[in-house]
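Here's the letter readout for the chains.
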Amino acid sequence: MAVLEPSEWLDKELYSRQLPVLGPPAMQRIREAKVLLSGLQGLGAEVAKNLVLMGVGSLTLHDPHPTCWSDLAAQVFLSERDLGKSRAEASQEHLAQLNEAVQVFVHPSDITEDLLLKFQVVVLTASKLEEQLMVGALCHKHGICFLVADTRGLVGQLFCDFGDEFIVHDPTEAEPLTAAIQHITQGFPGVLTLRGEDKEHSFCDGDLVTFSGIKGMVELNSCSPRPIRVQKDRSLEIGDTSTFSPYLHGGIVTEVKRPETVRHKPLDRALIQPCVVAPSAQEAHRAHCLHQAFRALHKFQNLHGRLPQPWDPNLGPLKGAEEEPLNEALLRTVALSSAGVLSPMASILGAVTAQEVLKAISRKFIPLDQWLYFDALDCLPEDEELFPNPEDCALRDSRYDGQIAVFGAGFQETLSHQHYLLVGAGAIGCELLKGFALVGLGAGASGGVTVVDMDHIEYSNLSRQFLFRPWDIDKPKAEVAAAATQDLNPDLEVMAHVQVLDHTTEHIYGDNFFSHVDGVVAAVDSFEARHYVAARCIHYLKPLLEAGTQGTKGSASVFVPYVTEVYKGPASAEASEDAPTPVCTMRRFPSTYEHTLEWARNEFEGLFRLSAETISCYQQACTSLADVDGPQMLTSLQRVLGVLRVRPQTWRDCVMWALGHWQLCFHDDIIQLLSLLPPDKVHEDGTPFWSGPKRCPQPLKFDISQDMHLLYILAAANLFAQMHGLPGSSDQIALRELLNLLLQTDPPHPAPVLAESGPEQLKELQEALEVWSKGPPLKSLVFEKDEDGNFHMDFVRAAASLQSQNYGISEPVDHAQSMRMVSQIIPAIATTTAAVAGLLGLELYKMVGRPRPVGAFRHTYLHLAENRLQRSVPSTPAIQKFHHLEWTRWDRLKVPAGQPERTLESLLAHLQEQHGLNVRMLLRGQALLYSARWSPESQAQYLPLRVTELVQQETDWVPEPGLRVLVLELSCEGEEDNTAFPPLHYELW
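Within any chain, residue numbers begin from 1 and follow the written order of that chain's sequence. In keeping with the model being predicted, local features are shown solely for residues with a pLDDT of at least 70 and side-chain atom pairs are shown and tallied solely at 80 or more, while totals for entire chains, interfaces and linings include all residues. Neither water nor hydrogens contribute to the side-chain values; these are computed over all heavy atoms in the structure.

## As for the nonpolar core
Argument step 1. We call a set of buried Ala, Val, Leu, Ile, Met, Phe, Trp, Tyr and Cys residues a nonpolar core when their side-chain atoms join them within 4.5 Å. Any residue under 20% of the maximum accessible area for its type is buried, any over 50% is exposed, and the rest in between are partly exposed; the area is computed with a 1.4 Å probe on protein chains only. If you look at the biggest cluster of nonpolar residues, it comprises 164 residues, and the most contacted ones within it are Val122, Leu154 and Phe436.
Argument step 2. Secondary structure counts use DSSP, requiring at least four H or I residues in a row for a helix and at least two E residues in a row for a strand, with both numbered from the N terminus. When residues of this core are assigned to their parent elements, the largest contribution, eleven residues, is made by helix H26 (residues 830-847).
Argument step 3. The criterion used for residue contact is that any of the two residues' heavy atoms lie within 4.5 Å. Excluding residues within four positions of it along the chain, leucine 154 makes contact with Leu342, Met345, Phe374, Asp375, Ala376, Leu377, Cys379, Leu380, Val406, Phe407 and Leu842.
Argument step 4. Within the second largest apolar cluster, 59 residues are counted, among which are Phe608, Trp662, Leu677 and Ala799.

Shown next, in the form of structure tokens:
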């Protein structure tokens, strides 16, 4: 029997969000790769973190230099207790903990040619030019992919050399085009027409395509890829079909991606003739200037043995390439801040570098050609007179020395007193918390960070949310992330809240709470949540930093009161043409149908695909469980024991299994959850646990008369039969009769629960495997939502519907909507996450200290697969007008309640006298408090009432203790239809 190497084992559950981005072939190559990384300062640590999280086979670290104070500003794996130790050795254990499947080694001596021959990819960070040229020449000679990455203060550089002819197997992130076939003619050439919804396709002349599922002209189903020509009527010529059978119906045409060849120059040539990645000629020119600046810094360092002193006014002229003039002003600014080490810069360049390493390994996505330059000099003041002075930037033997070298000690002090609210402790949230700890946000007196997240840690989170470890699974994300962040920086106080931030918890996150917040960062996974957080920021006039990712695409945005426009994302995923519905794994606390649908989709993967693949891999790798290395494989085997315990022999067996699994999922699991979290459970502050989006579930009782109950059994039993190579059945009448018989003679029971751990676990697993090995191999079922009659979508739809019934969640009414939602589960990878968090970190710098103009801020969009990184200045707030009044979305009308409190009549008079507004209607939410159209008798009844008395009388509003403002809405006589007046803030105190 062939024995699989450890690198051939791929944990598909762990990488469930990454696999849709990279695909199994690329992931397999990543798992087999060997990478050498030299330089373990902040940038190198970020590259290493991302590679380990994403599952590279082995990573060898090289950095014998001792840890110093300035390293701590950006190196997440080092602390004060590591000062003087080798950076590589001090980082090794921390990196290894991120992913037990990745081997992390340390090479303690010099880099030699013999050493380089052991690796497919070599990365140098924080290296000297002489070393880059030497290693680069050897790598190019031997066909080893070579990268150089560096950051100098607020500028960064990346260089790639993948050789003379580097073949990219899969150039783009986009899925191959597919379209449904309407008809195919016999002839030369044969002409293919597409169904109505696919006629406006994106196929191009010369594209290669394959065919599947065709009835009649079956010769096309097995033919090699064919070139096509697109006709004026959008039909496709597909070559000679004259000898094929007549077309009957059905079929899919699918694009075949073509490999592309990339040719890179070695570093010595690329230095002289740089080709830089930039979206415009202006940015290309700036990148070229930065190229010169880095060469000048190398010359200075070679001459003086160090970089320029921070903000030294006596710095003499610097020299770049002698044949080219220098941008003296830009070069001087770069040089004077070049000694700094910044966490956000390390995050951004570390993410892009790691993605390029993955491109080199996997041959998926087009690599850089060949230089990338990134600068964030916009973080510095616009007025050079406000630049830091040398004394303020002197070394202090502080963990923030690397940051102080750029911004000064005064800036660091101000940063330490900030208090920020982070909403979301998922992948982006973990990266942000790491950044907060490294930069010292809130690490001083009166400062701090509050993190809000109601979710719990899942196994699949571990490949991106690097603050979490396997032993944290099922714990609250907010609490674990807060504790991990304080471990990174003990001076930082992080407070965790597990109650959701939405309209149901405004008594928790109210006026008093926000009065202590200096800014808000949103790392949430839905447009609805983003809108709510943004509305809170508008209400309380707090700056908002917001980021999101989808695969290798990401965005980072900043919204500042009175300076930029407010957040205007789609109201929901349905309102966004391109955005998928981003959902989290909500196994225990689903609140939307999307949550139940993803749970159902994961159920399919675990039961009918991963189970077969797990056992197949195990069977090839060892004959005894004593040979299994590591807990991950044992965990995978344990998860599928319920499937393997019952080796079905007949259709009846499959139905019995499906009935038992129904009982486990929709009855027994709910009973168990309620025993742990009873309906009357409350938080420490007295808030009911089951409130807001947390819906208290109810167990279901199997009812054969319910359509979804029957559909689940029908689909699950058929899929179980397919997996075991048994015939299934679509006869629902016969199934009802069989179920009636089984329910009378053998009531449903779930699969037995396996022992937690130890010898008993191994014994039960071994027994189950022995039973399984006597039959034919299990068939792994790959989910296919578009194939009718395969029961895949039936299972997902029924499982989601049943969990929705458990939790009282409304369901879509049609099968098509379920199919669309299944296709919108969002992919995610660690590199994009780290990049957008770093970009937000740069914008955070601009929030501290003096107010900045709109031109200082940047929105950023990146697409790592396509080497795109676009930054733009936000728009200024849109101005609305009504008569003499002008306002933006950041404005509000303030009216003090007064002592004694004013009446409705007094409020209307105040608005008329102070603002010239003749109020037509006054509302609180949907409740009408006043209308100018009311009869004199009605007005006489309401006008004498105090405003708070009126609101309580007409609504269910009860003032919370500490409430400072009552928000009302108004419309006025003479306004146009598109006029939206600012909210009326009725100030209670």
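## Here we look at the sheet that holds strand S27 (residues 893-896)
Argument step 1. Across the sheet, five strands lie side by side as S27-S31-S30-S28-S29; this open sheet has mixed pairing. Lying at the two open borders of the sheet, with one neighbouring strand each, are S27 and strand S29 (927-931). Taken over all neighbouring pairs, the strand axes of this sheet differ in orientation by 30 degrees on average, direction set aside.
Argument step 2. Here four bridges tie strand S28 (residues 919-924) to S29, and the two strands are oriented antiparallel to one another. Within S29, the position partnered with leucine 922 by the bridge is tyrosine 930. By definition, two strands form a pair when at least two bridges between them are found by DSSP. Lines fitted to the C-alpha atoms define the axes, with helices restricted to the stretch that makes contact. Angles between their N-to-C directions range from 0 to 180 degrees.

## Things to note about the packing of helix H2 (residues 24-31) against helix H10 (residues 343-362)
In a pair of packed helices, the angle between the axes and the distance between the axes together describe the arrangement.
Argument step 1. It is the contact of H2 with H10, at a shortest axis distance of 8 Å, that shows an interaxial angle of 100 degrees. In terms of orientation, H2 lies roughly perpendicular with respect to H10. Mapping the contact onto sequence places Ala26, Arg29 and Ile30 in H2 and Leu358, Ile361 and Ser362 in H10.
Argument step 2. Just so you know the grouping, Ala, Val, Leu, Ile, Met, Phe, Trp, Tyr, Cys and Pro go in nonpolar, Asp, Glu, Lys and Arg go in charged, and all remaining residues, Gly too, go in polar. Partitioned by chemical class, the residues of the contact of H2 with H10 number four nonpolar, one polar and one charged. In this scheme, roughly parallel covers angles under 35 degrees and roughly antiparallel covers those over 145, while 65 to 115 is roughly perpendicular and the rest are oblique.

## Concerning the pattern of salt bridges
Between side chains of opposite charge, a pair can form when the charged atoms approach closely.
Argument step 1. Salt bridges are defined by distance alone: a side-chain nitrogen of Lys or Arg within 4 Å of a carboxyl oxygen of Asp or Glu. Under the criterion given, the structure shown has 35 salt bridges.
Argument step 2. Salt-bridge contacts for lysine 257 lead to aspartate 170; the nearest nitrogen and oxygen are separated by 2.9 Å. Here the residue lysine 257 occupies a position in the loop between strand S14 (252-256) and strand S15 (260-262), and aspartate 170 occupies one in the loop between strand S7 (166-168) and strand S8 (178-184), the gap between them amounting to 87 residues.
Argument step 3. Overlapping salt bridges, with partners in common, bring together Asp378, Glu843, Lys846, Arg858 and Arg871 in one network.

## Describing the sheet that holds strand S4 (residues 121-125)
Argument step 1. Across the sheet, which stays open at both edges, the seven strands sit in the order S3-S2-S1-S4-S5-S6-S16 with mixed pairing between neighbours. Since the sheet does not close on itself, it has two edges, and those belong to strand S3 (103-106) and strand S16 (371-375), each with one partner. Direction aside, neighbouring strands of the sheet carry axes that sit 15 degrees apart on average.
Argument step 2. In this structure, strand S6 (residues 155-161) lies alongside S16, joined through five bridges in antiparallel fashion. When the sheet's bridge partners are listed, glycine 156 is paired in S16 with phenylalanine 374.
Argument step 3. Its contacts with the sheet place helix H8 (residues 281-304) against strand S5 (145-152), S6 and S16, and it is angled at close to 90 degrees to S16.

## Details of the state of the cysteines
Argument step 1. Pairs of cysteine sulfur atoms within 2.5 Å are identified as disulfides in what follows. With the rule as written, the count across this model stands at zero disulfides.
Argument step 2. Of all cysteine sulfurs in the structure, the one in cysteine 139 sits closest to cysteine 145, which takes part in no disulfide; the separation is 8.9 Å.
Argument step 3. Relative accessible area serves as the criterion here: at 6%, cysteine 145 is assigned to the buried category.

## Some remarks on the environment of lysine 12
Argument step 1. Within the secondary structure, lysine 12 is located in the segment before helix H1 (19-22).
Argument step 2. For the pair lysine 12 and glutamate 613, spaced 601 residues apart in sequence, the C-alpha separation works out to 9.4 Å.
Argument step 3. Residues in contact with lysine 12, not counting those within four places in the same chain, are Leu19, Arg609, Leu610 and Glu613.

## Some remarks on the pairing of strand S10 (residues 208-212)
Argument step 1. Across the two faces of S10 the burial differs, with Val209 and Phe211 buried and Leu208, Thr210 and Ser212 not buried at all.
Argument step 2. For S10 and strand S11 (residues 226-227), the ladder comprises two bridges, and the chain directions are antiparallel. Counted as the bridge partner of leucine 208 is proline 227 from S11.
Argument step 3. Here five bridges tie S10 to S14, and the two strands are oriented antiparallel to one another. Residue pairing in the sheet places leucine 208 in a bridge with valine 256 of S14.

## So, unusual backbone geometry
If a residue is not glycine, its phi is most likely negative; likewise, a peptide bond is most likely trans.
Argument step 1. Cis geometry is adopted by the peptide bond preceding proline 189, which originates at phenylalanine 188 and carries an omega value of 5 degrees.
Argument step 2. Structurally, proline 189 is set in the loop between S8 and strand S9 (191-194).
Argument step 3. At the junction of aspartate 369 and glutamine 370, the peptide bond is cis and its omega measures out at -25 degrees in the coordinates.
Argument step 4. One can find glutamine 370 in the loop between H10 and S16.
Argument step 5. For aspartate 397, which is not a glycine, the phi torsion comes out positive at approximately 50 degrees.
Argument step 6. Examined against the element boundaries, aspartate 397 turns out to sit in the loop between S16 and helix H11 (401-407).
Argument step 7. According to the relative accessible area criterion, aspartate 397 is exposed, its value standing at 54%.
Argument step 8. Not every positive phi belongs to a glycine, and serine 446 is a case in point at roughly 70 degrees.
Argument step 9. Summarising the element assignment, serine 446 is placed in the loop between helix H13 (427-439) and strand S18 (448-452).
Argument step 10. For serine 446, a relative accessible area of 65% puts it in the exposed group.

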